[in-house]
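Read off the chains here:
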Amino acid sequence: MIALQPPERQLLREFASKVADIAADPIQEERRNLWTRHNRLEKVGPLILCSPEGAWREILPHDSLTILDPFWAEIEWELKALVRHFELLHDDRAIEPVFRIPNEIRDTGWGMKTPRRGTGDPTHAWKWDPPLTDPNDLSKLHFPEIVYDEEKANRKLEAVQDAIGDRIEVRLRGCSWWNPASVVGCFAELRGMDQLLLDLYDRPEWVHEAMAFFSEGAHRLLKQAEALNLLELNNRDHFVGSGGLGYTNELPSSGFDGVHVRLKDTWGFAEAQEVSEISPQMHEEFCLRYQIPLLEEFGLNCYNCCEDISRKFAGIKKVPRLRRVSVSPFTDRRIAAEELQDRYVYSWKPNPVMVAGDYDPDHIRRIIRETLEITNDCVVEMILKDTHTVQGQPERLTVWTDICREEIARAREGR
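For the structure given in this document, a descriptive report is provided here.

**Some details on the overall build of the protein chain**
Broken down by element type, the protein chain carries 14 helices and 12 strands. Its C-alpha atoms give the protein chain a radius of gyration of 22 Å, within 12% of the compact-globule value 22 Å for 415 residues. Across the 415 residues of the protein chain, 52% fall into the buried class. Look at the contacts in the protein chain between residues 6 or more apart in sequence, and 74% of them connect residues 24 or more apart. A total accessible area of about 19,200 Å² is found for the protein chain, and carbon and sulfur atoms account for 49% of it. Separation between the mean location of the 53 positive side-chain charges and that of the 71 negative ones in the protein chain comes to 2 Å.

This is the structure we're talking about:
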């Protein structure tokens, strides 16, 4: 991080002021209230959220930035992205008068490195070489520990506060974005997905031993983050689970002292994408058995990401204080509607191909209209994500959002 030049400093201050002005728009308070009511299962929606993710490379490419220093360039990008989101996407995201910057929190890992092979291009695929090739090597692993560089974090915070802190509040992010409760993901990375699926059949007791180990390690990490006061309340404009905003007046839990954030003051999340194809019985035995004790620590919980859970709702409903369930493009929407009804947030993830591949607004309208009919009795949010390209046409995202609004209005009017 180098010192800002006067024109760079002025640029950041101008965009910080724009974000603060957007956050002060009365529509933001309306959206905050809608998300709060939605998350307590009132049927105020469906609410709409558009998360461009990889498509940001086309909406706001880094080579369009003014600042060259990597640290300050990221600050420039984040501020501009907030403004661009508000102007372009027309969704229900609420923007707060707070600017969060990355903290200096990492963990030491499990004791084995996982080499990756690829081109180095973030848009390309990569392969990895799972290092846990011998089941006996499980004993060579160790529990990870959090490493926090508080001095470096505070230097960054002070520098950004000095630059824009009089325009917008600046905070360090906590650990609310990070959650090891899924457990199976780190196991699959070390063992390999194909081999893990074979292990479930060939050596199930060893899988239980490994899952118990990873679960204990995850629990230690969570409790260490809590003890170090590195958790952050995620009950405002935070993305929780695999989509949806965290606004709620049910968190923090009773007894919160206003300073020390506990796990039970936050949203938790788990999924099991790596073993999507196993049976409901195996999902309960090898995943939920180890995830539920971790999720018990949190005040409210989200479950699932991109995997098909059409046959797994009975087990998933055992998650304590479950509030939000992701319904991916691979999950049967009708089964999900019957299972979730108005007792959980139905977090629908449409197939991103509708904007990333062959683009047909009429097809988008048909899918959205059909989904609204299917989910009429549910508490629904529509989350467009995993959009790693829009073929250089950002307006596709605007069209998707506008169609959602038109079809929601049509459904309310009974047309």
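**Notes on unusual backbone geometry**
In this structure, the amide linkage connecting G45 to the following residue, P46, adopts the cis form with an omega of 5°. Assignment of secondary structure puts P46 in the loop between α2 (26–39) and β1 (47–50). Omega for the peptide link from L251 to P252 comes to 0°, which places this bond in the cis form. With respect to the helices, strands and loops of the structure, P252 is situated in the loop between α8 (204–227) and β8 (267–270). With a phi close to 45°, Q341 is a non-glycine residue in the positive phi region. Here Q341 shows up in the loop between α11 (333–340) and β11 (345–348). The exposure class of Q341 is partly exposed, given its relative accessible area of 33%.

**Looking at the nonpolar core**
Of all hydrophobic cores here, the largest spans 83 residues; its most connected members are F187, F214, Y303, Y346, I368 and W400. When residues in this core are grouped by element, the largest group, 10 residues, is from α8. Among residues more than four places away in sequence, those in contact with F214 are W110, L141, V183, C186, F187 and L190. Counting residues in each nonpolar core, the second largest holds 27 residues, with A16, V160, I164 and L172 among its members.

**Points about the pattern of salt bridges**
Within the structure shown, the criterion is met by 35 salt bridges. For R203, the salt bridge is made with D199, and the minimal N-O distance between the two is 2.7 Å. One salt bridge connects E339 with K317, and the closest N-O pair in it is separated by 2.8 Å. Pair noted here: E339 is in helix α11 and K317 is in the loop between α10 (313–316) and β10 (322–327), with a separation of 22 residues, a long-range link. Judged by its relative accessible area of 28%, E339 falls in the partly exposed class. Salt bridges sharing partners connect three or more residues here, namely E29, R32, E96 and R236.

**Focus: the packing of aromatic side chains**
This structure, assessed with the given rule, holds nine aromatic pairs. Aromatic pair F213 and F214: ring centres 5.5 Å apart, planes at 75°, arrangement edge-to-face. Considered together, F213 and F214 belong to a single accessibility category, that of buried residues. Grouped by ring-pair contacts, the aromatic residues W110, F143, F187, W206, F213 and F214 constitute a single cluster. Over the ring of W126 we find R116, and its NZ or CZ is 3.8 Å from the ring centre.

**Quick word on the packing of helix α6 (residues 184–191) against helix α7 (residues 193–202)**
For any two helices packed against each other, the geometry comes down to the angle between their axes and how far apart the axes lie. At a minimum axis separation of 7 Å, α6 and α7 run at an interaxial angle of 105°. Of the possible angle classes, the one that applies to α6 and α7 is roughly perpendicular. Contacts between α6 and α7 pair V184, F187, A188 and R191 from the former with M193, Q195, L196 and D199 from the latter. Partitioning the contact of α6 with α7 into residue classes produces five nonpolar, one polar and two charged.

**With respect to helix α9 (residues 280–295)**
For α9, with 16 residues, the first-to-last C-alpha span of 19 Å runs short of the 22 Å given by 1.5 Å per residue. L288 marks where α9 bends most, by close to 50°. Within α9, burial applies to P280, H283, F286, C287, L288, Y290, Q291, L294 and L295. The inward-facing, buried residues of α9 abut α7, α8, β8, β9 (300–303) and α10.

**Section: the side chain of R323**
Topologically, R323 is positioned in strand β10. A relative accessible area of 13% means that R323 is categorised as buried. If sequence neighbours within four positions are ignored, R323 has contacts with N39, R40, L41, E250, W267, L300, N301, Y344 and V345.

**Considerations on the packing of α8 against α9**
Here α8 crosses α9 at 20°, and the two axes come no closer than 10 Å. With respect to α9, the axis of α8 lies roughly parallel. For the element pair α8 and α9, the recorded crossing hand is right-handed. In this structure, α8 contributes P204, V207, H208, M211, A212, S215, A218, H219 and L222 to the contact, and α9 contributes E285, F286, C287, R289, Y290 and L294. Across the contact of α8 with α9, the residue classes break down as 10 nonpolar, three polar and two charged.

**Considering the sheet that holds β9**
Pairing within the open sheet is parallel, and its six strands lie in the order β1-β12-β11-β10-β9-β8. The open sheet has two edge strands with one neighbour each: β1 and β8. The sheet shows a mean angle of 20° between the axes of neighbouring strands, direction not considered. Bridging between β10 and β11 involves four bridges; their strand directions are parallel.

Cut-offs and rules
- Residues numbered from 1 in each chain as written.
- Predicted model: local features only at pLDDT ≥ 70, side-chain atom pairs only at ≥ 80, totals over all residues.
- Heavy atoms only, no water.
- Helix = DSSP H or I, 4+ residues; strand = E, 2+ residues; numbered from the N terminus.
- Rg over C-alpha atoms; globule rule 2.2 N^0.38 Å.
- Buried < 20%, exposed > 50% of the residue type's maximum accessible area, 1.4 Å probe, protein only.
- Contact = heavy atoms within 4.5 Å.
- Areas by Shrake-Rupley, 256 points an atom, 1.4 Å probe, with all protein chains shown as cover.
- Lys, Arg positive; Asp, Glu negative; His and termini not counted.
- Charge placed at Lys NZ, Arg CZ, Asp CG, Glu CD.
- Core = buried A, V, L, I, M, F, W, Y, C linked by side-chain atoms within 4.5 Å.
- Salt bridge = Lys/Arg side-chain N within 4 Å of Asp/Glu carboxyl O.
- Phe/Tyr/Trp six-rings, centres within 6.5 Å; stacked < 30°, edge-to-face > 60°.
- Lys NZ or Arg CZ within 6 Å of the ring centre and 35° of its normal.
- Axes fitted to C-alpha atoms, helices over the stretch in contact; angles between N-to-C directions.
- Parallel < 35°, antiparallel > 145°, perpendicular 65-115°, else oblique.
- Nonpolar A, V, L, I, M, F, W, Y, C, P; charged D, E, K, R; others polar.
- Expected span 1.5 Å × (residues − 1).
- Bend = angle between axes of the 7 residues up to and from the residue.
- Left-handed = near helix turned anticlockwise from the far one by under 90°.
- Pairing = 2+ DSSP bridges.

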